[in-house]
Amino acid sequence: MVEWTDFERATIQDIFSKMDYEAVGPAALSRCLVVYPWTQRYFGNFGNLYNAAAIIENPMVAKHGITILHGLDRALKNMDNIKETYAELSVLHSEKLHVDPDNFRLLADCLTIVVAARWGKAFTGDVQAAFQKFLTVVVFSLGRQYH
């Protein structure tokens, strides 16, 4: 079990309470698909992903980005049991979708960049450390089935 400080819990709650899901989710997933083009292979049914503009304007990418962020709400509500919270999703992504577990880390990094850009100077090192810890636990939990 992961131990969270009061500061970490409050910081993570604060980040998500201010999160514009409809903007941040699509921006993070779009960034991941542009910066790491090999991640596009899992989205073959999303249509045109031929260049950055097409990815950014793709409504299916936007919708899935929002879905991913709302999926993080589950971890937010179950911070003391994230591994079990994501057990079913881990099985789905490993056994059915065959997603490379490293892609979860890449997406988490892109999400951090998007959040940092929106928060600006308020995204201090301490804030980033708490957010990264949260995302690291989520990434590990999603990749758990692979181990």
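Residues numbered from 1 in each chain as written. Predicted model: local features only at pLDDT ≥ 70, side-chain atom pairs only at ≥ 80, totals over all residues. Heavy atoms only, no water.

A. Just helix α8 (residues 125-142), in detail. When the terminal C-alpha atoms of α8 are compared, their 25 Å separation across 18 residues agrees well with the 26 Å that a helix rising 1.5 Å per residue should span. Along α8, the residues classified as buried are V127, A130, F131, F134, L135, V137, V138, V139, S141 and L142. (Helix = DSSP H or I, 4+ residues; strand = E, 2+ residues; numbered from the N terminus. Expected span 1.5 Å × (residues − 1). Buried < 20%, exposed > 50% of the residue type's maximum accessible area, 1.4 Å probe, protein only.)

B. Representation of the pattern of salt bridges. What the rule picks out here adds up to 4 salt bridges. Among the ionic pairs, R105 bridges to D109, the shortest N-O distance being 3.1 Å. In this pair, R105 and D109 both sit in helix α7 (residues 102-119), 4 residues apart, roughly one turn of the helix. Since its relative accessible area comes to 37%, R105 is described here as partly exposed. (Salt bridge = Lys/Arg side-chain N within 4 Å of Asp/Glu carboxyl O.)

C. Layout of the packing of helix α1 (residues 6-17) against helix α4 (residues 59-77). Two numbers describe how α1 lies on α4: the axes approach to 11 Å, and their chain directions differ by 155°. As summarised for this structure, α1 and α4 are arranged roughly antiparallel, according to the angle between their axes. Between α1 and α4 lies a crossing whose hand is left-handed. Within the contact between the two elements, α1 uses I12, Q13 and F16 and α4 uses L72, D73 and L76. (Axes fitted to C-alpha atoms, helices over the stretch in contact; angles between N-to-C directions. Parallel < 35°, antiparallel > 145°, perpendicular 65-115°, else oblique. Left-handed = near helix turned anticlockwise from the far one by under 90°. Contact = heavy atoms within 4.5 Å.)

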